[in-house]
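Residues per chain are reported as follows:
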Amino acid sequence: MDSNNSSAERGENTKKRVSTLYIVMCALLTAMTFAATMLIQIPVGIGYINFGDAVVMTSGVVLGPVGAMAVGALGSSLADIATGYMVYAPFTFIVKGLEGFVCGLLFKKILVGKSPYLRAVTAFLPSAAIVTVGYFFADFLLTLFGFMGEGGDGAGTLALINGAATLVPSLIQVGISFAVAMAVAPKLPTLEFMSGGKNR
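Residues numbered from 1 in each chain as written. Predicted model: local features only at pLDDT ≥ 70, side-chain atom pairs only at ≥ 80, totals over all residues. Heavy atoms only, no water.

Novice: Any chance you could explain the packing of aromatic side chains here in plain terms?
Specialist: Ring pairs (aromatic) are described by centroid distance and by the angle formed between their planes. Taken as a whole, this structure holds four aromatic pairs when the rule is applied. Aromatic side chains Phe136 and Phe137 sit 5.2 Å apart centroid to centroid with 80° between the ring planes, which places their arrangement in the edge-to-face category. Ring plane angle 15° and centroid distance 6.3 Å describe the contact between Phe136 and Phe140, whose orientation is recorded as stacked. Note that Phe136 and Phe140 are positioned in helix 5 (residues 116–144) at a spacing of four residues, about one turn of the helix. Taken together, Phe136, Phe137 and Phe140 form an aromatic cluster joined through their ring pairs. The cationic tip of Arg119 hangs over the ring face of Phe107; the distance from NZ or CZ to the ring centre is 4.3 Å. (Phe/Tyr/Trp six-rings, centres within 6.5 Å; stacked < 30°, edge-to-face > 60°. Helix = DSSP H or I, 4+ residues; strand = E, 2+ residues; numbered from the N terminus. Lys NZ or Arg CZ within 6 Å of the ring centre and 35° of its normal.)

Novice: Got a minute to help me understand the pattern of salt bridges in this structure?
Specialist: A side chain of one charge can pair with a side chain of the opposite charge when the charged atoms of the two come close. Applying the stated rule across the entire model yields one salt bridge. Here Asp53 makes a salt bridge to Lys96, at a shortest N to O gap of 3.3 Å. Taken together, the residues span a long stretch of sequence, with Asp53 in helix 2 (residues 53–63) and Lys96 in helix 4 (residues 89–109) at a distance of 43 residues. Note on accessibility: Asp53 and Lys96 belong to one class, buried. (Salt bridge = Lys/Arg side-chain N within 4 Å of Asp/Glu carboxyl O. Buried < 20%, exposed > 50% of the residue type's maximum accessible area, 1.4 Å probe, protein only.)

Novice: So what exactly am I meant to see when it comes to helix 2 here?
Specialist: Quick reminder: α-helices carry 3.6 residues per turn. Residues three or four places apart thus point the same way. Summarising burial for helix 2: 11 of the 11 residues are buried, a large majority. Of the residues making up helix 2, those classed as buried are Asp53, Ala54, Val55, Val56, Met57, Thr58, Ser59, Gly60, Val61, Val62 and Leu63. Once helix 2 ends, the next one or two residues include Gly64, with phi positive near 90°.

Novice: Would you take a moment to explain the side chain of Thr37 for this structure?
Specialist: Relative to the assigned elements, Thr37 resides in helix 1 (residues 2–39). A polar atom in the side chain of Thr37 sits 2.7 Å from the backbone oxygen of Thr33. When near neighbours in sequence (up to four residues on either side) are disregarded, Thr37 contacts Tyr48, Asn50, Gly52, Ser76 and Ala79. (Polar contact = N/O pair within 3.5 Å; in protein donor to acceptor, adjacent residues only side chain to side chain. Contact = heavy atoms within 4.5 Å.)

Novice: When you look at helix 5 in this model, what are you seeing that I'm missing?
Specialist: Helix length check: helix 5, at 29 residues, gives a terminal C-alpha distance of 42 Å against a target of 42 Å (1.5 Å per residue), a fit within 8%. Near the N-terminus of helix 5, the side chain that reaches the backbone nitrogen of Tyr117, with its oxygen 3.2 Å away, is that of Ser115. A positive phi of about 85° marks Gly146, the residue just after helix 5. (Expected span 1.5 Å × (residues − 1).)

Novice: So what exactly am I meant to see when it comes to the environment of Leu78 here?
Specialist: For Leu78, the position within the fold is in helix 3 (residues 65–82). Residue classification places Leu78 among the partly exposed residues on the basis of a relative accessible area of 44%. Each C-alpha atom, one on Leu78 and one on Pro90, is 10.0 Å from the other, the two residues being 12 residues apart in sequence.

Novice: Please explain the packing of helix 6 (residues 155–165) against helix 7 (residues 167–184) as it appears in this structure.
Specialist: To describe two helices that pack against each other, one gives the angle between their axes and the distance between the axes. Where helix 6 contacts helix 7, the axes come no closer than 5 Å and their chain directions differ by 25°. Between helix 6 and helix 7, the crossing angle belongs to the class labelled roughly parallel. Along its contact with helix 6, which presents Gly163, Ala164 and Ala165, the element helix 7 presents Leu167, Val168 and Pro169. Within the contact of helix 6 with helix 7, the residues separate by chemical class into five nonpolar, one polar and no charged. (Axes fitted to C-alpha atoms, helices over the stretch in contact; angles between N-to-C directions. Parallel < 35°, antiparallel > 145°, perpendicular 65-115°, else oblique. Nonpolar A, V, L, I, M, F, W, Y, C, P; charged D, E, K, R; others polar.)

Novice: Help me understand unusual backbone geometry in this model?
Specialist: Glycine aside, the phi torsion of most residues is negative, and most peptide linkages are trans. For Leu111, which is not a glycine, the phi torsion comes out positive at approximately 55°. Note that Leu111 resides in the loop between helix 4 and helix 5. Residue class for Leu111 comes out partly exposed when judged on its relative accessible area of 33%.

Novice: Help me understand the nonpolar core, please; the structure alone is not making it clear to me.
Specialist: Nonpolar side chains in soluble globular proteins tend to be buried together. Met57, Tyr88, Phe124 and Tyr135 are the most contacted members of the largest nonpolar core, which has 22 residues in total. Of all the secondary structure elements, the ones that give two or more residues to this core are helix 2, helix 4, helix 5 and helix 7. The biggest single contributor to this core is helix 5, with nine residues. Listed in part, the eight residues of the second largest apolar core include Met25, Leu29, Val55 and Val71. (Core = buried A, V, L, I, M, F, W, Y, C linked by side-chain atoms within 4.5 Å.)

Honestly, it's all geometry; don't read function into it.
Here it is as structure tokens:
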């Protein structure tokens, strides 16, 4: 009986440690995403290129889908608000949250047991595509409905032009972020490893 109680207590203590570690890592990576988004900003149109995606992709490897979704959604959208790009914040919340979720899900579920670099590529490429396509639609919708001051006659054509104009900057952004995340993320321990389980 005592042995069973001790095992149950150890299990509960492990769960508490994992939960605490998970919350701490989520908060740390959210702050890093916020900082990476704010510290390097290259103005493009009414938006900007940043490299917070590198942290979001890395979060997918370390935290898995739910934690990375929170990191991407909160860290990136708060940076938009803090730097005066509030009109983008709702789009960023959705796009970067989806980026983190898909990245974490694919890394956790696809090619399990294979090289972490191969798994990272498999997770990062679709995530980068989500960002590129997501901001195309963000600028398209913002123009179409006049939030960028260009609504009215011909808004549909202008919306397509503005949306297309984001593709090259977005590809530069996710390309550099992809390279940084590939250099860093596969070498980092996963949350399971930090809590005493297997690393990959």
